[in-house]
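Spelled out, the chains give:
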Amino acid sequence: MKSEVDRRPEGPFQRPVSRDRQTLIQYEHTQPGTLIRVILATILVVALAAAFYPILQGREPELPALIPAAVLLGVLCLFHSLTVKVTSNDIVISFGPGLFQKSFMIADLERAAVVRTRWYHGWGIKKIWGGWLFNVSGFDAVQIDLRNGKLYQIGTDEPQRLQEAIRQAMEESRSFRR
């Protein structure tokens, strides 16, 4: 028998998901961060070459030069893509393998709108004017405004599809609460 509240695996920013109605995934999409991958992989190759170049000259490798390479590899693994899931209860966004996640309860949403991010906001998890941006590529996003006044922009290469899935989930949530 399932409990009233189902807790997801522990991770940053996790919140319980109510099980008082069936949770169906209405939308799921993973956007690759192609440019991020290319840039970081190129810098990683240069860092590794700098660390191991001394071997060609018969010297010991420069092990301290491996520290930046390890950091770059970690960033590449953690932020190479952005996955967005919309269910009848919530929106869950996660970077790469899912170590960094954020979820929003559909019942907490005021509205969702397609927006364009500014070039200077960049990619990753960023504090922007009025809220937060989660993005790995491009400038298209869906902005969700919460009832508490906070706003979040979710980068995507499918802004209309994501907005429509959120809108449908919001309509279902409102009709369920009545």
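Our subject in this report is the structure included herewith. All of these numbers come straight from a predicted model, not from anything done at the bench.

### Observations concerning the sheet that holds strand β9 (residues 131-135)
The strand order across the open sheet formed by five strands is β7-β10-β11-β9-β8, and the pairing between neighbours is mixed. At either margin of the open sheet sits one strand with a lone partner, and together these are β7 (109-116) and β8 (124-128). Each strand of the sheet is rotated relative to its neighbour by a mean of 20°, with strand direction disregarded. Where strand β10 (residues 140-146) meets strand β11 (residues 151-155), five bridges bridge the pair, whose relative direction is antiparallel. For Val-142, the partnering residue across the bridge sits in β11 and is Ile-154.

### Digging into the side chain of Thr-156
Residue placement: Thr-156 occurs in the loop between β11 and α3 (159-177). Among the polar contacts listed, one links the side chain of Thr-156 to the backbone nitrogen of Glu-158, at a separation of 2.9 Å. For Thr-156, the residues in contact, after removing those within four places along its chain, are Tyr-27, His-29, Gln-31, Asp-140, Ala-141, Val-142 and Leu-162.

### Considerations on the pairing of strand β4 (residues 81-87)
Taking burial as the measure, the seven residues of β4 include six buried ones, the bulk of the element. Inspection of the sheet shows strand β3 (residues 25-32) paired to β4 by seven bridges, in the antiparallel sense. Opposite Glu-28, over in β4, you have Lys-85 as the bridge partner. Both β4 and strand β5 (residues 90-95) contribute to a ladder of five bridges, which runs antiparallel. Across the sheet, residue Val-84 finds its bridge partner in β5, namely Ile-93. Counted along the chain from β4 to the antiparallel partner β5, the turn is two residues long.

### Focus: the sheet that holds β5
Overall, antiparallel pairing links the four strands, which are arranged β3-β4-β5-β6 in an open sheet. Each end of this open sheet is capped by a strand with a single partner; those strands are β3 and β6 (100-105). Adjacent strand axes in the sheet meet at a mean angle of 10° when their direction is disregarded. In this structure, β5 lies alongside β6, joined through six bridges in antiparallel fashion. Note that in β6 the partner of Ile-91 across the bridge is Phe-104.

### Focus on helix α2 (residues 66-78)
Its 13 residues give α2 an end-to-end C-alpha distance of 18 Å, which sits within 8% of 18 Å, the value for a rise of 1.5 Å per residue. The elements touched by buried residues of α2 are α1 (34-56).

Cut-offs and rules
Residues numbered from 1 in each chain as written. Predicted model: local features only at pLDDT ≥ 70, side-chain atom pairs only at ≥ 80, totals over all residues. Heavy atoms only, no water. Pairing = 2+ DSSP bridges. Helix = DSSP H or I, 4+ residues; strand = E, 2+ residues; numbered from the N terminus. Axes fitted to C-alpha atoms, helices over the stretch in contact; angles between N-to-C directions. Polar contact = N/O pair within 3.5 Å; in protein donor to acceptor, adjacent residues only side chain to side chain. Contact = heavy atoms within 4.5 Å. Buried < 20%, exposed > 50% of the residue type's maximum accessible area, 1.4 Å probe, protein only. Expected span 1.5 Å × (residues − 1).

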